[in-house]
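Residue-level listing of the chains:
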Amino acid sequence: MKLLLIGLGALTGAVLDAVARDGRFAHIVVAARDAEQGRAKVLAARVGAALEGEFPRIEFVPFDFNTATAPETLKKIAPDVAFAAPSLLSHRRIRAADPKLRAMPAGVWLACHLAPMLRLRDCWTKSGLSAPWVAASAPDLVNAILHLTGAGPTAGSGGIATCIPRIRFLAAQQAKAPVQEIGVRLVAGASLADCLAGEGNVKELPPFLLKVTWHGEDITLAVKDKLKAKVPPLAEPDHARIAASATLDLLAALGDDRLHDLHVPAPNGLLGGYPVKINRRGAEVDLPAAWDLEHALGINATALAYDGIAALDKDGTVIYAPRGIAAFETLLGERVERLRPPNAQSLAEKLVAAVRP
């Protein structure tokens, strides 16, 4: 399997380190703008992997998806699976700029993730590639917008997947059972993942659907309230490492004929995160028999309010809730009620300037 990693931000760099050491990825191509940084990162990944007994082929290709030749470069690479997580403003930079920015709803920063993903999507479409690909830039919402405005990724990564270990740990403690014997089915957005990672207001969890079982016994009620327990927030490098770990099985599944049971954000562009069966042919939502897909979609739509968003229109326009509008007024000194995809770049530039004057 030839795996393509596009860009070399903090998350993609962590994914490179993880896939290089994993053993399931024989050929890895890193495509990014900065050749010096890219070649150095590739060498570091090769050395680290070799020290752990893994020797995948890893190569660097200069690549900028903003250029006219970018689609042809993608076509020549011809990956079996691809991963990308471009952003104009990372969470690390937001937090470093001003601690007060941590309290702002995540939806305020959406344009910074959406703008580059729209350009990458257009580049991918022009390349004519049909391989499955994963996009991890605020995927719960960004990937949904991509699918509403054209072609989109097979799935996102991180988010809901990072909730599963935390829930299993709590369930194992309650049931006095081995963690590996706990089954979890979850429908939730990234806001729940933020809460379980020590971010956000844990006194009021965003809405979600949960089923926890142990040897066929439903122990959901014994676990659900425990999710509100306060935990220390993760350090920024740990966020990237955990998100990378959540990406490994997904990328491997997309290169495999066998079906894999996973939790992923935005399968086929659905809003929020879901349990799925997934392989190289795509993803299919796999809900417990008692759950209805329309209800699950409604749960994730309602959870948008936690991130300062009221709704997502069918044309990909994001409508902000009063909390989000107030945050824009504080940050930019102007009222932003909607984010239309064509306007994502201009709003992102204002946000970047506000954080890094």
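As a reminder, the structure under discussion sits directly above these lines.
These remarks concern the structure in this document. Here the structure is a predicted model, which is why all the values come from computation and not from measurement.

## Describing the sheet that holds strand β2 (residues 27–32)
Next, step 1: What the five strands build is an open sheet, ordered β3-β2-β1-β4-β5; its pairing is parallel. The outermost strands of the open sheet, each flanked by one partner alone, are β3 (57–62) and β5 (133–135). Shown here is a sheet whose adjacent strand axes are inclined to one another by a mean of 15 degrees, direction ignored.
Next, step 2: As defined by bridge partners, strand β4 (residues 81–84) adjoins β5 across three bridges and the pair is classed as parallel. Paired with F83 across the bridge in β5 is V134.
Next, step 3: Where helix α2 (residues 35–51) meets the sheet, its contacts fall on β2 and β3, and the angle it forms with β3 comes to roughly 175 degrees.
Next, step 4: Seen against the sheet, helix α3 (residues 70–77) touches β1 (2–6), β2 and β3 and runs at an angle of roughly 155 degrees to β1.

## Some points on the pairing of β3
Next, step 1: Alignment of β2 against β3, held across six bridges, turns out to be parallel. Note that in β3 the partner of V29 across the bridge is E59.
Next, step 2: With α2 bridging β2 and the parallel β3, this β-α-β connection has right-handed handedness.

## So, the packing of aromatic side chains
Next, step 1: Tallied over the full model, the rule gives two aromatic pairs.
Next, step 2: Between W124 and W133, the aromatic rings sit 5.1 Å apart at their centres with planes inclined by 20 degrees, giving stacked as the arrangement.
Next, step 3: The exposure class assigned to W133 is buried, which follows from its relative accessible area of 4%.
Next, step 4: When the ring of Y320 is compared with that of F328, the centres are 4.9 Å apart and the planes differ by 80 degrees; the resulting orientation is edge-to-face. Of the two residues examined, Y320 and F328, each falls in the buried class.
Next, step 5: Taking NZ or CZ as reference, K224 lies 5.3 Å from the ring centre of F208, over its face.

## Quick notes on the nonpolar core
Next, step 1: Core analysis: the biggest nonpolar cluster contains 54 residues, and W109, Y320, L339 and L351 have the highest contact counts within it.
Next, step 2: Take this core: its biggest share by element is 10 residues, from helix α5 (residues 110–127).
Next, step 3: Every residue in contact with L351, bar those within four places of it in the chain, is listed here: L89, V108, W109, A111, C112, F328, L331 and L332.

## Things to note about the packing of α5 against helix α13 (residues 344–355)
Next, step 1: At a closest axis distance of 8 Å, the pairing of α5 and α13 adopts a crossing angle of 135 degrees. When the axes of α5 and α13 are compared, the pair comes out oblique. Judged by the sense of rotation from one axis to the other, the crossing of α5 with α13 is left-handed. Contact residues: α5 offers A111, C112, L114, A115, L118 and R119, while α13 offers A344, Q345, L347, A348, L351 and V352.
Next, step 2: Of the residues contributing to the contact of α5 with α13, the split by class is 10 nonpolar, one polar and one charged.

## A look at the state of the cysteines
In a disulfide, the sulfur atoms of two cysteines are covalently bonded to one another.
Next, step 1: Scanning all chains against the criterion turns up zero disulfides.
Next, step 2: Unpaired in terms of disulfides, C195 finds its nearest cysteine sulfur in C163, a separation of 8.9 Å.

Cut-offs applied
- Residues numbered from 1 in each chain as written.
- Predicted model: local features only at pLDDT ≥ 70, side-chain atom pairs only at ≥ 80, totals over all residues.
- Heavy atoms only, no water.
- Pairing = 2+ DSSP bridges.
- Helix = DSSP H or I, 4+ residues; strand = E, 2+ residues; numbered from the N terminus.
- Axes fitted to C-alpha atoms, helices over the stretch in contact; angles between N-to-C directions.
- Contact = heavy atoms within 4.5 Å.
- Right-handed = clockwise from strand over helix to strand, strands pointing away.
- Phe/Tyr/Trp six-rings, centres within 6.5 Å; stacked < 30°, edge-to-face > 60°.
- Buried < 20%, exposed > 50% of the residue type's maximum accessible area, 1.4 Å probe, protein only.
- Lys NZ or Arg CZ within 6 Å of the ring centre and 35° of its normal.
- Core = buried A, V, L, I, M, F, W, Y, C linked by side-chain atoms within 4.5 Å.
- Parallel < 35°, antiparallel > 145°, perpendicular 65-115°, else oblique.
- Left-handed = near helix turned anticlockwise from the far one by under 90°.
- Nonpolar A, V, L, I, M, F, W, Y, C, P; charged D, E, K, R; others polar.
- Disulfide = S-S within 2.5 Å.

The values reported here are purely geometric and, on their own, carry no functional implication.
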